[in-house]
Amino acid sequence: MRAAFTPGRVGLQELKNRIVMSPMTRSRAYGADLAPTAMMARYYAQRAGAGLIITEGTQPNAVGQGYPNTPGLHTGAQIAGWRTVTDAVHDEGGVIYAQLMHTGRIGHPSNYRSARYPVGPSPVQAEGQIFTPDGHRDFVVPRELGAAEISQTIRDFADAASNAIAAGFDGVELHGANGYLIHQFLSTNANRRTDEWGATPRDRTRFAVEVTAAVAEAIGNDRTALRISPANPLNDIAEDELAETYHHLITGLNGIKPSYLHVLESQAPGFTRELRRAWNGLLVLNPATPGGRTGPEHLALIDEGTADLLSFGRLFISNPDLPARLASGTELTEPDLSKAYGGDESGYIDYPTLAGSAAPA
Ligand SMILES: Cc1cc2nc3c(=O)[nH]c(=O)nc-3n(C[C@H](O)[C@H](O)[C@H](O)COP(=O)(O)O)c2cc1C
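A. Fine view of the overall build of the chain. In terms of regular secondary structure, the chain is built from 10 helices and 14 strands. The C-alpha radius of gyration computed for the chain amounts to 19 Å, which stays within 12% of the reference 21 Å derived for 361 residues, consistent with globular compactness. Its C-alpha atoms put the chain at 55 × 45 × 35 Å along the principal axes. Out of the 361 residues belonging to the chain, those deemed buried represent 51%. The contacts of the chain with a sequence gap of at least 6 include a subset with a gap of at least 24, amounting to 70%.

B. Region of the structure containing the packing of helix H5 (residues 201-219) against helix H6 (residues 242-256). Following both chains from N to C, one finds H5 and H6 inclined at 25°, their axes separated by 9 Å at the closest point. Taken together, the axis directions place H5 and H6 in an arrangement best described as roughly parallel. Note that H5 runs across H6; the crossing there is right-handed. Contact with H5, carried on its side by Pro201, Arg202, Arg204, Thr205, Ala208, Val209, Thr212, Ala213 and Ala216, involves Glu244, Thr245, His248, Leu249, Gly252, Leu253 and Ile256 of H6 and no other residues of that element. Looking at side-chain class alone, the contact of H5 with H6 contains eight nonpolar, five polar and three charged residues.

C. How the structure looks around the site of the ligand. Looking at the ligand, there are 21 residues lining it, with Ser22, Gly57, Arg293, Thr294 and Gly313 nearest. Split into classes, the residues belonging to the shell around the ligand amount to eight nonpolar, nine polar and four charged.

D. Representation of the nonpolar core. Formed by 89 residues in total, the largest nonpolar core has its most connected members in Tyr44, Ile53, Ala161, Val172, Val215 and Leu310. By residue number, the principal contributor to this core is H5, which donates nine residues. Look past the residues within four positions of valine 215 in its chain and what remains in contact with it is Phe157, Ala158, Ala161, Val172, Leu174 and Thr224.

E. Summary view of the sheet that holds strand S10 (residues 171-176). Spatially, the eight strands close up into a barrel ordered S3-S4-S5-S10-S11-S12-S13-S14, and their pairing is parallel. Within the sheet, the average angular offset between the axes of one strand and its neighbour, ignoring direction, is 25°. Pairing of strand S3 (residues 19-21) with strand S4 (residues 52-58) involves two bridges; the strand directions are parallel. Each bridged residue has a counterpart across the sheet, and for methionine 21 the counterpart in S4 is isoleucine 53.

F. Looking closely at the pairing of strand S13 (residues 283-286). Bridging between strand S12 (residues 260-264) and S13 involves four bridges; their strand directions are parallel. From the neighbouring strand, leucine 261 faces S13, where its bridge partner is leucine 283. For the crossover from S12 across helix H7 (residues 271-278) to S13, the handedness is right-handed. Where S13 and strand S14 (residues 309-312) come together, two bridges link them in parallel fashion. Paired with leucine 285 across the two strands is leucine 310, which belongs to S14.

G. Representation of the pairing of strand S8 (residues 135-138). Bridging between strand S7 (residues 129-132) and S8 involves four bridges; their strand directions are antiparallel. Bridge pairing in S8 places threonine 132 opposite glycine 135. Linking S7 back to S8 in an antiparallel pair, the connection comprises two residues.

What counts, and where the lines are drawn
Residues numbered from 1 in each chain as written. Predicted model: local features only at pLDDT ≥ 70, side-chain atom pairs only at ≥ 80, totals over all residues. Helix = DSSP H or I, 4+ residues; strand = E, 2+ residues; numbered from the N terminus. Rg over C-alpha atoms; globule rule 2.2 N^0.38 Å. Buried ≥ 20, exposed ≤ 12 C-beta atoms within 10 Å, placed from the backbone. Contact = placed C-beta atoms within 7 Å. Axes fitted to C-alpha atoms, helices over the stretch in contact; angles between N-to-C directions. Parallel < 35°, antiparallel > 145°, perpendicular 65-115°, else oblique. Left-handed = near helix turned anticlockwise from the far one by under 90°. Nonpolar A, V, L, I, M, F, W, Y, C, P; charged D, E, K, R; others polar. Near = placed C-beta within 6 Å. Core = buried A, V, L, I, M, F, W, Y, C linked by C-beta atoms within 7 Å. Pairing = 2+ DSSP bridges. Right-handed = clockwise from strand over helix to strand, strands pointing away.

As structure tokens, this is what we get:
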């Protein structure tokens, strides 16, 4: 049997297998105050066959929201909404981490429900456009975070992590990938600061390390994880001094001992082996190659020892019982990505399981 289908462990949690549902924004948090809904609870419960579910990106504070209808973890209503999700997943025997995503400069004033403006390490506009209720719009020049605001943002991450535990989550993954706030601090084009948050490669890792340390302090290192995507240019990110920067980051993480490091491989697959050598802890790999996607052929990466756990994104959208299908070699359903963001039950909770129904209720 492939190692992927044997029990695993993340922090305090025993996992029934080593297959992880990768975090995916679905923009359906239609509850008052951007709270999760009953439909979201059903969606995640359907996918509880994963060894570990990582939720969609969830903002730790109001200004951290980049896209329409993404959920938060900074108000009582949001905590209550997430409690229905974690209860539904636990009832199905699943394990679930919340992904905390502050989008930083990747946002737009019209995507907030109240008057706010995107912030970032430096006032540098990302090339490209973002979906808003008024159609696609250019990214804006973010407002540069002052030193006191950086400290407050770190506290907001820690408070949101505590809220996640109050909502019943088994842990929290910090989104340090894909060009959002933590990755913006790691980069050389979004972070032009000359202070201790940006002057050197080590300084550019300070925000990632301090957020991870503050969250570990709040909820325990064994419930804290970080996702990274070295050399991923998504959202107009450039990373000069890549190896040096990530060396400092991994050194910082080794001191904190988070429950896992989640690597989205993207443009630099060879770099994973270096990270594997440097990082002392558990490695979750999302081996997305450009133009490709994670599939059954990647299960061997666990057998080979490249990764401890493997995460799948798009195939979990359309195969709620993905681990069972992978184990039995059953044909996989392709996702309809036109229904990825926003919308109703269609393309969300109506994909059938092998048993032929969109169970459990
Ligand atoms: C609809 C959609 C939404 C996504 N949202 C997030 C997100 O909120 N946070 C994150 O870290 N990655 C996000 N991703 C990236 C996925 O987690 C994953 O890394 C990517 O899809 C590549 O893996 P795959 O080939 O298995 O799909 C998203 C991907 C998709 C398709």
